[in-house]
Amino acid sequence: DALPGGHRVLGQILHNYHWRWEEGDREIGRALELDGNSVEALALRAFALIRTGRFEEAIAHAERARQRDPLSFTASMNLGSALRAGGQYDRAIAEFRRGLTLDPYGQRAHFQIGVTFGFMRRWPHAITELETAHRMAPNNAWHRAYLGYAYAMGGRQDEARKILDDLEARGKKHYVSSFSIAFLRDALGEKE
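This one's a predicted model, so the numbers in the text were calculated from it and none came from an experiment.

1. Description of the pattern of salt bridges
Any two side chains of opposite charge can pair, so long as their charged atoms come close to each other. Evaluation of the coordinates by the stated rule reveals 17 salt bridges. For Glu33, the salt bridge goes to Arg30, with nearest N and O atoms at 3.2 Å. Placement of both Glu33 and Arg30 in helix 2 (residues 21–34) is noted, with a separation of 3 residues, approximately one turn of the helix. Arg97 is the partner of Glu129 in a salt bridge, and the nearest nitrogen-oxygen pair spans 3.5 Å. Of the two residues, Glu129 is situated in helix 8 (residues 123–136) and Arg97 in helix 6 (residues 89–102); the sequence distance between them amounts to 32 residues.

2. What to know about the environment of Ala58
With respect to the secondary-structure elements, Ala58 resides in helix 4 (residues 55–68). Overall, the relative accessible area of 0% leaves Ala58 in the buried class. Residues in contact with Ala58, not counting those within four places in the same chain, are Ala46, Leu49, Ile50 and Ala82.

Rules used in this analysis
Residues numbered from 1 in each chain as written. Predicted model: local features only at pLDDT ≥ 70, side-chain atom pairs only at ≥ 80, totals over all residues. Heavy atoms only, no water. Salt bridge = Lys/Arg side-chain N within 4 Å of Asp/Glu carboxyl O. Helix = DSSP H or I, 4+ residues; strand = E, 2+ residues; numbered from the N terminus. Buried < 20%, exposed > 50% of the residue type's maximum accessible area, 1.4 Å probe, protein only. Contact = heavy atoms within 4.5 Å.

Encoded structure:
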């Protein structure tokens, strides 16, 4: 019962795989009681707070995690995600760009910047960042789906359709999230 890492991982498993939010929150809380400086537990707490709409608290936890480990690319990405969830898009982009200074090859940062530009409905900027993420990780179906979404929303329907066709073909041989397909179909106006 005195191992913060055990409580943190159990909380993460309860959240991510069992969707037992309250139990997971208790475990993450216990991890933080035992080690209030755990960057991982602070990040998990931030995501739990985002899920419940408590954005300012989530940002505070994510900021604390980044302060504890200022050279952590992951802590920077988590803070950017909390800022975006709280509607602080410009600050989120700045934080994701800060992450690129920590890991210039961090395709995840380009992806998150692109997604954030999408939230802002700045489709040309979103497309540029998502194309960069796709070039860096060409087999990532999730990134490809978001790129297709940005193409569709940015008026580039033919390119979006090509991505949809590619993802559906890939899905016959490998796992492709049904959410990715639905997400892209929605952007193309195929609501049914």
